[in-house]
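# Observations on the three-dimensional arrangement
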Amino acid sequence: MSEWWTYRLSDFLMFSPSTYWRLVEHYNRDVWPLHFLTIAAGAILLWWVAAQRPAAETVVAAVLAPMWLWVGWAFHWQRYAPINWAAVYLAMAFALQALLFAVAALAKGGDVQPAGPLVRTCGLALAAIGVLLYPLIALAAGRPWSLSEVFGVMPGPTAMGTWGLLLLAGQPHRQWLAVIPALALLAELATRWAFQG
Amino acid sequence: MKRRTLLNLVPALACPGAIAQPTRRTAPLEKRIPSSGEEIPAVGLGSWITFNVGNDRVARANCAEVMRNFFAAGGRLIDSSPMYGSSQGVIGEGLQKIGSPRQLFSADKVWTSSGGAAQVEASRNLWRVPRFDLLQVHNLLAWDKQLPLLQAMKAEGRVRYVGITTSEGRRHREIEEIMRGHRIDFVQLTYNPLDREAEQRLLPLARERGIAVLANRPFREGALLRDLRRHALPAWAAEIGCASWAQVVLKFIVSHPAVTCAIPATSQVAHVRENMAAATGLMPEEAMRQHIAAHLAKL
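This is a predicted model, so every value here is computed, not measured.

## Description of the overall build of chain A
When helices and strands are tallied, chain A shows eight helices and zero strands. When its helices and strands are written in sequence order, chain A yields α-α-α-α-α-α-α-α. Considering only C-alpha atoms, chain A reaches an extent of 50 × 40 × 30 Å along its principal axes. Restricting the contact set of chain A to residue pairs at least 6 apart, pairs at least 24 apart contribute 73%.

See below:
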């Protein structure tokens, strides 16, 4: 891309915010009431790792693998890609993340990295926001419930909750497992920033 | 129901087959394509962002209504690109829905570093047209490969005109070199009362070389109108037949002698009518054009 320094973030936004939010609304309607299942699964994971139950790292990886595959396929591939060609690559990245979690769940290698108090606090905060509080952002922003973004359904809360759970669980090789969720969060932030014009 | 919504519905209710027998209120200003002498209306329809609505059935139907009203007001040129997400498919579906208007002037682009012919064919299938009227190299991407391809297609009668595009003042030097060194029918660039860099070299060169000009981003993706909305429309706007800021901006653009057609994008029926109305009636003289530019620059 020539003269790349002349581009603003909003130059890459190829759809309107209203089109995006209508897409989210339709998606939420289509998959309802999956939201209850994914929030319940996230809440159980949060309790499991916060209470330091056995094999937390394996349980986290086993539950998150299908969630990442689902969000990549149902949201990025099926809904988002028609208005944003870059979503195809996001879908692939989410599928890769699902594969990494599947491998992490099945592999026995690697040592659990016990979390210190600071990491635990950060992990708990991120996981609580991603799993439980993220849907409230829509209300705080003046949007209706139908536009809520829910863990295991939409990419933003899924990525944030995943980060928190990885930190809390002391996941082996978590630095590798955290790369795609971090990129997914960056993509979310960039899109929202571009919405502001 | 809002008054505007009601007004939008009335023509469709009263005359559902309006597109088959369009009733022109006042014919829009038409400008010549220098390479052929063919005339096209000075206001067209862009599709960046506004027509990229994915699989949303309601929004797709709304885009069809925008196109129906565009043609009913005498519009012809619709511009899109493979880069615009679902826009090409939305245009194709909409055109079919409103009866494939024969007056359509289809303008699309090639946007790839390789496989240009396959991309053009995919685009043509999405538009559901037998051939494109105009194909442009999008943002000069691999223009040294794609321009010869488009020119070969033109020689074979598979497209009527070829061109190149840029936006927001980028790569003007390269655009100028291509305009001087290659036979092209159209150049697409950004031009409006605040973005006037093209006046320095490209617009005079287009006149000199007989190249038609499409003006994109007339409203800076709506940002210009959002800014202008805070200010009252000055009294002199009525002197050139303008009832809105959008019409002031469009009349400024299309009254430049080198500009063939401005391509504002919109997803609203009321706005497409307002835009098309800007191509009718009085046009500003040069002194008024300078006044418009100076006035908007001060706001």
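That shown, we press on.
## Concerning the overall build of chain B
When helices and strands are tallied, chain B shows twelve helices and nine strands. Against the globule reference of 19 Å for 299 residues, chain B gives a C-alpha radius of gyration of 18 Å, in line with a compact fold. In terms of principal-axis extent, the alpha carbons of chain B reach across some 50 × 45 × 30 Å. Sequence-distant contacts in chain B: of pairs separated by 6 or more residues, those separated by 24 or more amount to 78%.

## Digging into the confidence of the model for chain B
Looking at chain B as a whole, the pLDDT averages 92, with 92% of positions reaching at least 70. Prediction confidence for the complex, expressed as pTM and ipTM, is 0.89 and 0.89 respectively.

## Re the interface of chain A and chain B
Each side of the interface is counted separately: chain A has 15 residues, and chain B has 14 residues. Residues of the side of chain A that touches chain B, tallied by class, amount to six nonpolar, seven polar and two charged.

## Some thoughts on unusual backbone geometry
In this model, A:W32 is joined to A:P33 through a cis peptide bond whose omega is 5°. Along the chain, the position of A:P33 falls in the loop between α1 (17–31) and α2 (34–50). Residue A:A55 is not a glycine yet carries a positive backbone phi of 55°. Checked against the element boundaries, A:A55 lands in the loop between α2 and α3 (56–80). Positive phi, normally seen in glycine, also occurs at B:A142, with a value near 50°. On the secondary structure map, B:A142 appears in the loop between β5 (132–137) and α5 (143–155).

## Notes on helix α4 (residues 87–106) of chain A
All names here are of chain A. In this model α4 runs 29 Å from its N-terminal to its C-terminal C-alpha over 20 residues, within 8% of the 28 Å that 1.5 Å per residue would give. Those residues of α4 that sit buried are A87, L90, A91, A93, F94, Q97, A98, F101 and A104. Buried positions in α4, seen along its axis, are confined to an arc of 160° and lie on one side of it.

## Remarks on the packing of helix α3 (residues 87–97) of chain B against helix α4 (residues 116–127) of chain B
Residues and elements named next belong to chain B. At a closest axis distance of 6 Å, the pairing of α3 and α4 adopts a crossing angle of 40°. By the angle class used here, α3 and α4 are oblique. Of α4, the residues touching α3 (which contributes Q88, G89, I91 and G92) are S123, L126 and W127. Looking at the contact of α3 with α4, its residues break down into three nonpolar, four polar and no charged.

## Topic: helix α8 (residues 179–195) of chain A
Residue and element names in this part refer to chain A. Taking 1.5 Å of rise per residue, 17 residues should cover 24 Å, and α8 covers 25 Å from first to last C-alpha, within 8% of that figure. Residues of α8 that are buried include every one of I180, P181, A184, L185, A187 and T191, and no others. In a view along the axis of α8, the buried residues occupy a sector of 155°, so they form one face of it. When the buried face of α8 is taken as reference, the exposed residues oriented beyond 90 degrees from it are A182, L186, L189 and W193. Contacts from the buried residues of α8 go to α4 and α6 (155–169). One or two residues past the end of α8 sits G197, with phi positive at roughly 85°.

## Quick word on the packing of helix α2 (residues 57–72) of chain B against α3(B)
The geometry of a pair of packed helices is captured by two quantities: the angle between their axes and the separation between those axes. Residue and element names in this part refer to chain B. Contact geometry of α2 with α3 gives a least axis separation of 9 Å together with a crossing angle of 60°. Helix-helix and strand crossings are classified by hand; for α2 and α3 the assignment is right-handed. Residues R60, C63, A64 and M67 of α2 lie in contact with α3, whose contacting residues are V90, E93, G94, L95 and K97. Of the residues in the contact of α2 with α3, the class split is five nonpolar, one polar and three charged.

## Describing the nonpolar core
Where a protein is soluble and globular, its nonpolar side chains tend to be buried together. Counting 132 residues, the largest nonpolar core has B:V187, B:V213 and B:A262 as its most contacted members. Residue contributions to this core peak at ten residues, all from α3(A).

Reading the values: the criteria
Residues numbered from 1 in each chain as written. Chains lettered and ligands numbered in written order. Predicted model: local features only at pLDDT ≥ 70, side-chain atom pairs only at ≥ 80, totals over all residues. Helix = DSSP H or I, 4+ residues; strand = E, 2+ residues; numbered from the N terminus. Contact = placed C-beta atoms within 7 Å. Rg over C-alpha atoms; globule rule 2.2 N^0.38 Å. pLDDT = per-residue confidence, 0-100. Nonpolar A, V, L, I, M, F, W, Y, C, P; charged D, E, K, R; others polar. Expected span 1.5 Å × (residues − 1). Buried ≥ 20, exposed ≤ 12 C-beta atoms within 10 Å, placed from the backbone. Arc of directions from axis to C-beta. Axes fitted to C-alpha atoms, helices over the stretch in contact; angles between N-to-C directions. Parallel < 35°, antiparallel > 145°, perpendicular 65-115°, else oblique. Left-handed = near helix turned anticlockwise from the far one by under 90°. Core = buried A, V, L, I, M, F, W, Y, C linked by C-beta atoms within 7 Å.

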